[in-house]
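# Examining the three-dimensional arrangement
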Amino acid sequence: MAGGFGGGGGEAIAGRAEQYEGKITGYFILACIVGSFGGSLFGYDLGVSSGVTAMDDFLIKFFPEVYARKSAHLHETDYCKYDNQVLTLFTSSLYFAGLVSTFAASHLTRRRGRRATIMVGAVSFFLGGAVNAAAANVAMLIAGRLLLGVGIGFGNQAVPLYLSEIAPYNIRGAVNQLFQLTTCLGILVADVINYFTDKIHPWGWRLSLGLAMGPATAIFVGALFLPETPNSLVEMGRLEEARRVLEKVRGTRKVDAEFEDLREASEAARAVRGTFRSLLAARNRPQLIIGALGIPAFQQLSGMNSILFYSPVIFQSLGFGNSAALYSSIITGSMLVVGALVSMVVVDRLGRRFLFIEAGIQMISSMVVVAVILALKFGHGEELSKGVGTVLVVAICLFVVAYGWSWGPLGWLVPSELFPLEMRSAGQSVVVCVNLFWTAAVAQCFLAAMCHLRWGVFILFAALIVVMSIFVILLLPETKQVPIEEIWMLFDKHWYWKRIVRKDPKYQGHHHHQMAAMPTAAAAAAKSGSSEV
């Protein structure tokens, strides 16, 4: 799939990349493990909030009217059982907080580095877990959620950047996807914990919410031993230190080529003022449209989070009963982990585009099956037969596993690869902001949509996935095996983007200088656009 629409494989787009050296060191592995733990915060919270909102003890204490409605309709398959805007605000307040805090995180990431941002996020998340576990009223619940949201805003801003920058370019896809893998593991762990705490009356939900303090502590302590990324140190002007870290992480003294690329990218970055404003320049239009706006929005509009948030509700509405609902979340959580593992293995071989397109077809088919079953069999007050229920569960699993190897991990990987250094932290802020905005919007609207559109909500998501897949086919070049500081060359040769980026007067001068610095054969290949278009 290398190339497709003007993608071009890594061969033709080689600057100094073939001169990069290094091996996988223990230091690098530690950096990956601690860095990727940031994802577990996000995942744990997603999983816990969906389970806790289905627990009777929690509903009796904070949302008695929802509990009353649920009890009244216990044996009915009713689409409107959980449609309560305050209950939904409990879920989505977190995302609104994350959305606002990501701009502060961007500033911190640029000034103080990726590592400091991860640590601040861990502290905020710890405090949020503590407030939630002790909550005596809805106001305390929401305050705790807001603190968790700030933690997630900072973590999601810094962790994907950290992983993309610390990784050798040829395995960058797999390393960055540790973020998605730990997110999925966080969801799965939360589902298992909910399954057990649901049996502890009346305070099991407090334990579920409070255990979020565990991963937050682990990340903070781990981050004390983490190196800052060489890219970030160069950006802050600490060149000696950057080189030392690069040698240590790569396990070799021969890092001249990679260090030179970093230094040049940093000089280009310093020449650019007004980072958020320069996102709007024509030369950065592809990164803005694909990375900052398109992919993070589509990641949420795929309908996955709706299935995650509300799989307990969907399964409970199917008449599976309380613990069967949490059991169902464990199944979907496991599917996500399987998807993430598959993606890590194949993403640097098959490429990003292949995974997006294949999963698109699988997800559309699954959504249509779910919609058809619900249209024919659901909402008439009777429980579904075993056979029909099984087909529904299998369709949901196929949907989740496809998301798990495509939009889930690639929604964070691809944007973190696309931006040039001068706007990487600003770009990542917009990514997190757009992502959390759509997460909150979908969370806030889904139950109401499910109540009014009924099975049509799944047809709506299927239609959105068709649009997303066409977007990828037409506009996204293949980024596998391309060093992060040379991604811009892909747009220079893309059938559509080249018309836009070449119009920018600054684009010519900025990149002519970088072309000149490249080894002659590679520069010639890049100039002639000899990759397949």
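For the structure, check the block above.
Presented here is an overview of the structure given in this document. (Residues numbered from 1 in each chain as written. Predicted model: local features only at pLDDT ≥ 70, side-chain atom pairs only at ≥ 80, totals over all residues. Heavy atoms only, no water.)

Each helix and strand counted, the protein has 26 helices and zero strands in total. Taken across its 533 residues, the protein has 64% of its residues classed as buried. For the protein, the computed accessible surface area is about 18,700 Å², with 68% contributed by carbon and sulfur atoms. (Helix = DSSP H or I, 4+ residues; strand = E, 2+ residues; numbered from the N terminus. Buried < 20%, exposed > 50% of the residue type's maximum accessible area, 1.4 Å probe, protein only. Areas by Shrake-Rupley, 256 points an atom, 1.4 Å probe, with all protein chains shown as cover.)

Among the secondary structure elements, Ser-406 is positioned in the loop between α19 (386–405) and α20 (407–418). On the basis of relative accessibility, which here comes to 0%, the residue Ser-406 falls in the buried class. Polar side-chain contacts of Ser-406 include one of 2.8 Å to the backbone oxygen of Ala-402. If near-sequence neighbours (up to four positions away) are discounted, Ser-406 is found in contact with Leu-355, Phe-356, Ala-359, Met-363 and Gly-411. (Polar contact = N/O pair within 3.5 Å; in protein donor to acceptor, adjacent residues only side chain to side chain. Contact = heavy atoms within 4.5 Å.)

So, about the pattern of salt bridges. Following the criterion strictly, the structure yields 17 salt bridges and no others. Glu-165 is the salt-bridge partner of Arg-114, the closest N and O atoms lying 2.8 Å from each other. A residue pair is termed long-range when its members are at least 10 positions apart, and Arg-114 in helix α5 (residues 114–133) and Glu-165 in helix α6 (residues 138–166) qualify at 51 residues. Taken as a pair, Arg-114 and Glu-165 share a single burial class, namely buried. Through salt bridges with shared partners, one network takes in Arg-114, Glu-165, Glu-235, Arg-424 and Glu-485. (Salt bridge = Lys/Arg side-chain N within 4 Å of Asp/Glu carboxyl O.)

Attention now goes to helix α10 (residues 213–224). Relative to the 16 Å expected for 12 residues at 1.5 Å per residue, α10 spans 17 Å between its end C-alpha atoms, a close match to the ideal helical length. The secondary structure elements touched by the buried residues of α10 are α1 (26–52) and α5. (Expected span 1.5 Å × (residues − 1).)

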